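If you want the building blocks of each chain, they are given just below.
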Amino acid sequence: MTNVIVDSTNKSESDWQRLSPFSIVFFIFNFTIRFIKDGIINLAPALAIFITQVEDKLFWLGIAGIIFVIGLIIYSILYYQNFRYRVTEGQVILRRGILNKERTTLAFEKVQNVNLATPFYFEPLKLVNCIFDSAGSAQKEISLPGISIDYAETVRADIFSYKQKLSTVESNDDINEANEQSDAFTSSDPLIKLSLGEIARFGLSSNMTFILLAVLAPFMDSIVDFAKASIVPNIVSLLDVLFPQSPLLNVFATLFFVTVVILFAVLLSVLSSIVQFYNFELFDEGKQLKRTAGLFEKHQISIAKHRVQAISIKQNWVFKLLRRVTMQFHQLAIAHGQNAKNKNNLSIPTLSPDAWHSVVHTTYENLDAEQISFIGISTRYLSHCIAVFWLAPLTVAALLLMHLDTSWIWLIACTPVGGLLVYLRWRRFGLWFNDDYVAIRSGFIGQKISIIPLYKIQNIGQVQTPMLRRNNLASVVLQLPYGKETIPFLPKRKARAFLNLCAYKMESSTKHWL
């Protein structure tokens, strides 16, 4: 993990290295993307006022655009001028910043992976963006954009060679990671290769559509007014040719416009997925997995198999209709003392349901995923959740409505809905384990399956409320390197056997989990 420190050693300026001048292009694109992702949302109220109140919008928008572009170029050049790095024995040191100077040091032993990304404008120059993936905060990560691919390969090999020398425990799982990581992009046949159609399917299931609609929310009044004044009347005139003098023309035109807006958001979601996962290939390199993907930026992510903390197989309701799943390989994620998602986690965006077993077996060679058979949780979960989380709130709401002399009888219709949701949740919960692994299933309409090696569990806990104790049940909580997993309402005997096995594996195993 990274730490900002003050280096007291007296090193000459010549010891510091600079990036290629072409890294300025990277900074321009990077700062622009950050502004689009963060700045526009923060400026949404101001933009709404601009759209509704300011006259001569094109003129002022052009002025603002020119100022933004000039400022962005100047800022990127100054950022490049102040960007220095040094790779010394055992650490990478980075110095950057314009007004707020920052010095960051990353020790080799804290590096989980060294990933290489090749934007399209770097590829003809044989330059890459070298990203040092640690378990620290993403805001303090170290990346070196605009260095030669040969130098990046050398640094990566040196880092893992250094880590190998520091290793004090020898096992069959320990290998020469310097040799594993020596090639920037593998030339072997891929284990998984996704077609453009498969990537488009992932775009249909992702949350990008809802994010885009949320971004448009502040401008919805302006969009509706503009649609009523310009777009809907034109649609009505076109429909009038097909359905002359129909009284529902305005309704059809409005529905058509709303449908087009939603389809446009879906299209953007699909295009975003194609940009991110174009030419997706997953390679099995013996003791590590390596993924390459990207349209405008070919991004490589690699992970040693013994560093995979868990594998998640997810299927939301859209993927359930499309008969697809998505897989994620979890790494260690610690940030500010809280659970955090690691943005460099390796994932497979889309996969057929019968293909994930072989990928799991490739990662965990001694696990046959097809043999996993889940046991369910107690039916007491149904009555407990319906009573506590559904009937009780509905009763309170009905009493309030009666007090306000308002109709409340319609609340009765909500009871079957709550019962169905609780039933779906109960049906999805499942637990399976053997001497080496545990698999946990959860979900509503879709499902999530998490497969975890027992020796990687960090902490275990058992929760027993008076109701659970009375019914000889218990809930199990597992603290994992990437977060928590909970299995509620297990039979106490099964929970106790599982917890004892976890405790034994945690104490007796000598395998590396980091």
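Use the structure listed above.
Residues numbered from 1 in each chain as written. Predicted model: local features only at pLDDT ≥ 70, side-chain atom pairs only at ≥ 80, totals over all residues. Heavy atoms only, no water.

Draft legend 1. Representation of the overall build of the protein chain within the structure. Summing up its helical and strand segments, the protein chain has 15 helices and 22 strands in all. Per-residue burial over the protein chain gives 42% buried out of 514 residues. Restricting the contact set of the protein chain to residue pairs at least 6 apart, pairs at least 24 apart contribute 59%. Working note: accessible area of the protein chain is about 28000 Å², and carbon and sulfur atoms make up 61% of it. (Helix = DSSP H or I, 4+ residues; strand = E, 2+ residues; numbered from the N terminus. Buried < 20%, exposed > 50% of the residue type's maximum accessible area, 1.4 Å probe, protein only. Contact = heavy atoms within 4.5 Å. Areas by Shrake-Rupley, 256 points an atom, 1.4 Å probe, with all protein chains shown as cover.)

Draft legend 2. How the structure looks around helix α13 (residues 414-428). An ideal rise of 1.5 Å per residue puts 21 Å on 15 residues; α13 measures up with 22 Å between its terminal C-alpha atoms. Considered for burial, the residues of α13 that qualify are Gly418, Gly419, Val422, Trp426 and Arg428. Of the surrounding elements, those touching the buried residues of α13 are α10 (317-322), α12 (380-403), β17 (430-433), β18 (437-442) and β19 (447-453). (Expected span 1.5 Å × (residues − 1).)

Draft legend 3. Structural view of helix α11 (residues 356-363). For α11, the buried fraction is high: six of the eight residues fall into the buried class. Burial in α11 covers these residues: Trp356, His357, Val359, Val360, Thr362 and Thr363.

Draft legend 4. Molecular detail of the side chain of Asn115. You can see Asn115 is positioned in strand β5 (residues 111-119). On the accessibility criterion, Asn115 (0% relative accessible area) is buried. Within polar-contact distance, the side chain of Asn115 engages the backbone nitrogen of Ser302 at 3.1 Å. (Polar contact = N/O pair within 3.5 Å; in protein donor to acceptor, adjacent residues only side chain to side chain.)

Draft legend 5. Broad picture of the packing of aromatic side chains. A complete count under the given rule lists 24 aromatic pairs for this structure. An angle of 85° between the planes, with centres 5.3 Å apart, marks the rings of Phe31 and Tyr79 as edge-to-face. Of the two residues, Phe31 sits in helix α1 (residues 23-42) while Tyr79 sits in helix α3 (residues 57-81), which places them 48 residues apart along the sequence. In this pair, the class of Phe31 matches that of Tyr79, namely buried. For the pair Tyr381 and Phe429, a centre-to-centre distance of 5.7 Å together with 75° between the ring planes defines the contact as edge-to-face. Residue Tyr381 is found in helix α12, and its partner Phe429 is found in the loop between α13 and β17; the two are separated by 48 residues along the sequence. Given a relative accessible area of 5%, Phe429 falls into the buried group. An aromatic cluster of three or more residues is present, and its members are Phe26, Phe27, Phe29, Phe31, Tyr75, Tyr79, Phe83, Phe120, Tyr121, Phe122 and Phe296. Of note, Arg95 hangs over the ring of Trp16, and the distance from its end group to the ring centre comes to 4.7 Å. Its end group placed over the ring of Phe444, Arg425 keeps NZ or CZ at 5.3 Å from the ring centre. (Phe/Tyr/Trp six-rings, centres within 6.5 Å; stacked < 30°, edge-to-face > 60°. Lys NZ or Arg CZ within 6 Å of the ring centre and 35° of its normal.)

Draft legend 6. View of the sheet that holds β17. Read across the open sheet, the six strands follow the order β16-β13-β12-β19-β18-β17; overall the sheet is antiparallel. If you trace the sheet from one side to the other, it starts and ends with β16 (346-351) and β17, each paired once. Taken pair by pair, the neighbouring strands of this sheet meet at an average axis angle of 15°, ignoring direction. Of the strand pairs in this sheet, β18 and β19 are connected by six bridges, and their pairing is antiparallel. (Pairing = 2+ DSSP bridges. Axes fitted to C-alpha atoms, helices over the stretch in contact; angles between N-to-C directions.)

Draft legend 7. Structural context of the sheet that holds strand β8 (residues 192-193). The antiparallel open sheet is built from seven strands, whose spatial order is β7-β6-β5-β11-β10-β9-β8. For this open sheet the edge positions go to β7 (142-148) and β8, each flanked by a neighbour on one side alone. Sheet topology places β8 next to strand β9 (residues 281-284); two bridges connect them, and they run antiparallel. Within the sheet, the bridge partner assigned to Ile192 lies in β9 and is Leu282.

Draft legend 8. The arrangement of unusual backbone geometry in detail. Backbone geometry at Lys126 places phi at a positive 55°, although glycine is not the residue there. With respect to the element layout, Lys126 can be found in the loop between β5 and β6 (127-134). By relative accessible area, which is 62% here, Lys126 ends up exposed. Of note in the backbone geometry, Arg323 takes a positive phi value of approximately 60° without being a glycine. Within the secondary structure layout, Arg323 lies in the loop between α10 and β13 (325-330).

Draft legend 9. Summary view of the pairing of strand β21 (residues 473-480). In terms of burial, β21 is a largely internal element, six of the eight residues being buried. Bridging between strand β20 (residues 459-463) and β21 involves five bridges; their strand directions are antiparallel. Directly across from Gln462, in β21, lies its bridge partner Val476. Here seven bridges tie β21 to strand β22 (residues 483-491), and the two strands are oriented antiparallel to one another. Along β22, the bridge assignment pairs Gln479 with Lys484. The turn linking β21 back onto β22 is made up of two residues.

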